Amino acid sequence: NHRSMPSTSNNKMTAAIEVIDDFESSNKIYSDYGHYNDLAIDNQENLSTTSESFDVAEGTTILCVVENSKAPVACRSFEEKITHGTVSIRISVPGFRIICKRGEQLVEYKVKLRIQDKEFVAWRQYEHFQTLAEAFSIFNSIQHPKDQGLMKILSAWKEVVNNRPWFPTSLKMSFLLKELKLLEIFLEIALFEIPHFNLFEEFVC
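Bear in mind the structure is a predicted one, so any value in this text is a computation, not a measurement.

**Student:** Quick question: what am I supposed to make of the packing of aromatic side chains here?
**Tutor:** Aromatic rings in a pair are described by how distant their centres are and how their planes are angled relative to each other. For the structure on display, the rule yields eight aromatic pairs. On the basis of an interplanar angle of 65° and a centroid distance of 5.0 Å, the ring pair of F129 and F203 is categorised as edge-to-face. Of this pair, F129 sits in helix α1 (residues 126-142) while F203 sits in helix α4 (residues 198-204), and the two are 74 residues apart along the sequence. Members of the aromatic cluster, each reached through a chain of ring pairs, are Y126, F136, W157, F186 and F200.

**Student:** Help me understand the packing of helix α2 (residues 148-163) against helix α3 (residues 173-193) in this model?
**Tutor:** Relative orientation and spacing of two packed helices are given, respectively, by the angle between their axes and the distance between those axes. Close contact between α2 and α3 brings their axes to 9 Å; oriented N to C, the two are set at 170°. As the angle between them shows, α2 and α3 are arranged roughly antiparallel. Where α2 approaches α3, its residues G149, K152, I153, A156, W157, E159, V160 and N163 are matched on the opposing element by F175, K178, E179, L182, L183, F186, I189, A190 and E193. Residues of the contact of α2 with α3, tallied by class, amount to ten nonpolar, two polar and five charged.

**Student:** Help me understand the pairing of strand β6 (residues 60-68), please; the structure alone is not making it clear to me.
**Tutor:** Look at any regular strand and the pattern is simple: side chains alternate between the two faces of the sheet. Taken across its nine residues, β6 has nine buried, putting it largely inside the fold. Sheet topology note: the β6/strand β8 (residues 86-101) ladder contains seven bridges and is antiparallel. Looking at the pairing, E67 lines up with G95 of β8.

**Student:** So what exactly am I meant to see when it comes to the nonpolar core here?
**Tutor:** A general feature of soluble globular proteins is that nonpolar side chains tend to end up buried together. Grouped together as the largest cluster of nonpolar side chains are 46 residues, with contacts concentrated most on F96, Y109, F129, F186 and L187. When residues of this core are traced back to their parent elements, those giving at least two are β6, β7 (74-79), β8, β9 (104-115), α1, α2, α3 and α4. Sorting elements by how many residues they give to this core places α3 first, with eleven residues. Residues V56, I62, V65 and W123 belong to the second largest nonpolar core, which totals six residues.

**Student:** Even after reading the chapter, I still don't get unusual backbone geometry, so can you show me in this structure?
**Tutor:** Among all residues save glycine, negative phi is the norm, and among peptide bonds the norm is trans. For R102, which is not a glycine, the phi torsion comes out positive at approximately 55°. Within the secondary structure, R102 is located in the loop between β8 and β9. The exposure class assigned to R102 is exposed, which follows from its relative accessible area of 75%.

**Student:** Can you help me understand the confidence of the model for the protein chain in this one?
**Tutor:** Fine structural detail should not be taken from predicted coordinates in areas where pLDDT scores are low. Overall, the predicted model of the protein chain reaches an average pLDDT of 75, with 68% of residues at or above 70. The secondary-structure element of the protein chain with the lowest mean pLDDT is strand β2 (residues 18-20), recorded at 31, while strand β10 (residues 118-124) shows the highest, at 95. Here residues 1-45 is modelled with pLDDT under 50, and outside its nearest four sequence neighbours on either side it reaches 106 contacts, counting other chains as well.

The rules behind each value
Residues numbered from 1 in each chain as written. Predicted model: local features only at pLDDT ≥ 70, side-chain atom pairs only at ≥ 80, totals over all residues. Heavy atoms only, no water. Phe/Tyr/Trp six-rings, centres within 6.5 Å; stacked < 30°, edge-to-face > 60°. Helix = DSSP H or I, 4+ residues; strand = E, 2+ residues; numbered from the N terminus. Axes fitted to C-alpha atoms, helices over the stretch in contact; angles between N-to-C directions. Parallel < 35°, antiparallel > 145°, perpendicular 65-115°, else oblique. Contact = heavy atoms within 4.5 Å. Nonpolar A, V, L, I, M, F, W, Y, C, P; charged D, E, K, R; others polar. Buried < 20%, exposed > 50% of the residue type's maximum accessible area, 1.4 Å probe, protein only. Pairing = 2+ DSSP bridges. Core = buried A, V, L, I, M, F, W, Y, C linked by side-chain atoms within 4.5 Å. pLDDT = per-residue confidence, 0-100.

Listed below in structure tokens is the structure:
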């Protein structure tokens, strides 16, 4: 079943997209700007599309948003050396969106970070994750050479890189959903292996 969602014309730009009510009966997500093929993932019933408004930069249009209502959340507590207390951290990647910016279609992943009782949400592209991975690599080579935990993080990132096609980024749903899962794993491993959460703060906040 499909139903059209109208566009809005204000500071929060929203594209008119087709919302799919029943993922079992369709393997495509359509929008006014084209279609996204090959939707395939376990537990498809947890996925949903939305036309919800988000703040975006001027000249940017949201074409499609896909979110997983049951996305895994990684949790860890860090010891604070100054206060001798603990800081609770939760991080997840519950979905992604396809945007059009200056005529180019781009993918942004939704990252949710909770530090104690404060929650931050950011939309990050592949290049942002790449910068984070490079920061872990530098941290590993300078401060903790051959640290096994940090090597696990870099190994998880390598899986993300190896999954990418040689040609320009694919907008096939099967690719996007797999990359979403790999990014979840990358951040989860990073959360459990890093000695401090400051890199996550810089990444999201």
